[in-house]
Amino acid sequence: MNHLPNRREFLKLGGAASAGLLGSGVLRPISALAKEELERGPYDGGTWIPSCCHMCGGTTGIMCQVVDGRLARIKPNDNNPVGFSNISDDFFANAAKEGAVMCPKGNAGIMALYDPDRVKQPLRRTNTQKGIGVDPHWKAISWEEAYSEIVSRLRALRDGGEAHKLEWFSEDHCFTHIQSDFCKLFGTPNYNMHSNTCDTGRKASFKILMGDERPLIDAINSKFMLIFGWNPLSATKWSHLPRIITRGIERGAKLVIVDPHLSYTASKAHEWVPIRPATDGALALAMAHVIVNEGLQDQAFIDEWVTGFDQFKDYVKDKTPQWAEAITAVPAERIERLAREFATTKPALVDVWSGAHHTNGVYAGWAIGALAVITGNIEKPGALVLPEKKGNKHIEVEPDDASKQTLQQPRFDGGKDKWPYFHSSGVYAEIINRLVDGKGPYQPKMAMIVFQNLLMSVVGTKNAEEALKKLEFIVAVDTMLSETAQFADIVIPGTTYLERYDLNTHWVTWPVLGLRQPVVKPLFGQPAEYEFVCELGRRLNLKEGNGHDVFWIGRMSGERIEDKTRWYEEFLSKELKEGEPKITLEELKALPGATWVSAKGTRYNKHLDMIPPEKLADALTEGNLVFSKKKDGSKDKQIGMLRPDGTVVRGFFTPSGKLELYAGKHETKKDADGNPLKLLPVYEPRAWQPSPEFPLFLINWKEASQTHSRTQNNAFLAELKSTDGLRINTKTAAKLGVKHGDLVWVESPFGKVQMKAELTEGIHPQVVGTQHGWGHWAMGRLAKGRGAHTGFLAQTKACPLSGQSLNKEICVRVYPG
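Here is what the cut-offs are and how they apply
Residues numbered from 1 in each chain as written. Predicted model: local features only at pLDDT ≥ 70, side-chain atom pairs only at ≥ 80, totals over all residues. Heavy atoms only, no water. Pairing = 2+ DSSP bridges. Helix = DSSP H or I, 4+ residues; strand = E, 2+ residues; numbered from the N terminus. Axes fitted to C-alpha atoms, helices over the stretch in contact; angles between N-to-C directions. Patch = residues over 30% accessible without salt bridge, like charges linked within 9 Å, V, L, I, M, F, W, Y side chains within 5 Å. Areas by Shrake-Rupley, 256 points an atom, 1.4 Å probe, with all protein chains shown as cover. Salt bridge = Lys/Arg side-chain N within 4 Å of Asp/Glu carboxyl O. Lys, Arg positive; Asp, Glu negative; His and termini not counted. Charge placed at Lys NZ, Arg CZ, Asp CG, Glu CD. Buried < 20%, exposed > 50% of the residue type's maximum accessible area, 1.4 Å probe, protein only. Parallel < 35°, antiparallel > 145°, perpendicular 65-115°, else oblique. Contact = heavy atoms within 4.5 Å. Nonpolar A, V, L, I, M, F, W, Y, C, P; charged D, E, K, R; others polar. Domains from an automatic or database assignment. Buried area = accessible area lost by both parts, 1.4 Å probe. Polar contact = N/O pair within 3.5 Å; in protein donor to acceptor, adjacent residues only side chain to side chain.

Draft legend 1. Structural view of the sheet that holds strand β28 (residues 743–748). If you walk around this closed barrel you meet the six strands as β26-β30-β27-β29-β28-β31, and the pairing is mixed. On average, adjacent strands in this sheet sit at an angle of 45° to one another, irrespective of strand direction.

Structure follows, in structure tokens:
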């Protein structure tokens, strides 16, 4: 090729089996591809189509220029707040004049679409042997062959009363409702999503503290930002983060980053606090000790809105900065100063993300959140804010009697019975372990894996390999032949976000919903994933309990619809009409930037909202809490808190209606390991500690150059960074006899990998680390063979409270290689 291929050329690449299942031709150097696209210059004309990115889960609003049916350019969507701000006043006042932004991954999305290594047609495995490095001997098959085989396998499970033996894995920002509907109507309780490998530990921390799983930072209005274990200026969870944090700094805020590694964000902060991994909770408790001991807490706020302060105060009495110094390696004088600065600077915010990926992470997150509570920095401008995330409404389906039978089977991972803060995304590590040891309530037979690469995302890669080998039949739906797809019996070509629909209720502080819509047709004529699921439902004749033909009848028209795209458009329209926007899909498309933005805007102090009388007319009261009723008259959702004057306010959705520093609900509960739950946000060392044999902590992190392990085959992103080495503190390296650029072995009790040493002062001397996502042995020609995968060094272990996959709890030794 002498230019980036157009749709016709890519179809030609995948059209004939004789040309090779992965496409013919030699891949040109990365630099040549990127250089040519840059030199091509801007296109004129064409059509600009608004949509939402999905190069990561951030769902930034984008505008896509399409010329002659080919995507030519992607730029930010100024009408979507995700690319600008999570605070409405800032967005409404400044977005039009400043313009939105997007990260490098979003800019490189065009190469996800036009990746020559994409899967182009259904593939069947012909080699019965499975394992890492084993050639599946793929054979191209027709769509009819693929559907017939998959449906036959699914029907055998359902007809045999074994529908629960299907495990379903999916991404958590893409067509999840139709997938969960299918699982419910099919009869499996085992629907799992990517969230489990992301932030379910953090969710549990804040669920305990405030009853809300994901408070957001109001950085632009803050004067002090204290962030633990997060790199928001580079690992851009949402593309507005760099802007609101830097704007906050420009307005006078101080930024402090607590992290073992000098991340990009730490390098731009006023202060970097290098800390031993998994000791964040001890630092937070010592700061709380100083704040309480010196009377710097917001006592008025505590008296009205906090429970358990006296118990918490008593607990931190001996958690002195000197105590914490021995644990964290942060000097006591520094802890004291940071505590005073945080408590006396208003408003202030504190947050934690991936620092919770340790066995003690939930309690650490609770302790960190407690700093916001005792200083009154909750639900105020410049502090932690509970988002009003209202968008489309999932219309629940009602399974038939056969499905109800198998849905009563326990979740294979143990679910709520095992994990006290179980999240609906499942527990990937437990699924892997139970598949291997056969100690689950039953043994799953089949897996549907949609846009998930378990071998790269679940810790303990060799264990994950053995787990996949235990399954009788695997279907992988993906755009790439990933490491996990290599274990599949049938591979279905997936679509990129540029070829399909999704509704995105955005993570900003007020209700906003953006549309993801096809900007080009699927390159290889393949169905979008929701059409694939719909076709399975139709062929299996799945219906609701009342006989409603859910996969055939349009949800708006009530008519039988043959065209699956039109059927899904009605599916989305119904969710929009029943949800907060109250509009149809076509009306959403017509809005500026295809984004619905509520005029209500960001609201603070929502715990003070008065509950209107009409909502209380048919409510239940238990103690000081008020609940709505289910149809059968039983208690449903908590809607408010009864105050002494008889009024009902929203409060917080905890058992007390207040912020909880003491969790009385833990008194009779145990974690997944059988240990009683702690009543306070205690500090205890994580389970896996360095030893004389494996003396170093190994951590990993995310950066803007890649998304997890998904994007390493992207030619444009490879121009930014083509691999990653092992960061080692210069003093530590000298003791090991390692020089910059040397090859070293990194070894744990579970395996070893070879990496190139990168010496730096920007990492704690007891820590080594690397960017997550490298070390592919499949997925594509650019991804394969670059860097090392640290999953081989980890144990397959989950947080005992939340089930969070523990991606950062690893200890290693390093030696010249």
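Draft legend 2. Spatial organisation of a positive patch on the surface. A cluster of like positive charges, contributed by Lys 393, Lys 577, Lys 582 and Lys 637, occupies part of the molecular surface. Relative to the helices and strands, Lys 577 is located in helix α23 (residues 564–578). Relative accessible area serves as the criterion here: at 34%, Lys 577 is assigned to the partly exposed category.

Draft legend 3. Structural detail: the packing of helix α6 (residues 143–159) against helix α7 (residues 176–186). Relative orientation of the contacting elements α6 and α7 amounts to 45°, with a least axis distance of 11 Å. The angle between α6 and α7 falls in the class oblique. Where α6 abuts α7, its residues Leu 154, Leu 157 and Arg 158 lie against Phe 182, Leu 185 and Phe 186. Counted by class, the contact of α6 with α7 contains five nonpolar, no polar and one charged residues.

Draft legend 4. Looking closely at the domain arrangement of the protein. When its domains are assigned, the protein resolves into domain 1 (39–113), domain 2 (123–198 + 393–595), domain 3 (200–385), domain 4 (606–668) and domain 5 (696–816). Placing a centre on the C-alpha atoms of domain 1 and another on those of domain 5 gives a separation of 31 Å. Domain 1 puts nine residues into the contact, and the matching count from domain 5 is 12 residues. Summing the contributions of domain 1 and of domain 5, the shared interface buries around 770 Å²; its carbon and sulfur component is 68%. Summed over the shared surface of domain 1 and domain 5, the number is zero salt bridges. The tally of links between domain 1 and domain 5 comes to two residue pairs in polar contact (both at pLDDT 80 or more). Within the residue set of the side of domain 1 that touches domain 5, elements represented by two or more residues are α4 (104–107) and α5 (109–113). Here the side of domain 1 that touches domain 5 gets three residues from one element, more than from any other, and that element is α5. Across the side of domain 1 that touches domain 5, the residue classes break down as seven nonpolar, one polar and one charged.

Draft legend 5. Geometry of the pattern of salt bridges. Under the counting rule described, the total for this entry stands at 61 salt bridges. Between Glu 758 and Arg 727 there is a salt bridge, and its shortest N-O distance comes to 2.8 Å. Here the residue Glu 758 occupies a position in strand β29 (residues 751–760), and Arg 727 occupies one in strand β27 (residues 726–729), the gap between them amounting to 31 residues. Under the relative-accessibility criterion, Glu 758 is labelled partly exposed at 25%. Note on Arg 727: relative accessible area 14%, which makes it buried. If you follow the salt bridges from partner to partner, you end up with Asp 90, Glu 98, Arg 243, Arg 247 and Glu 250 in one network.

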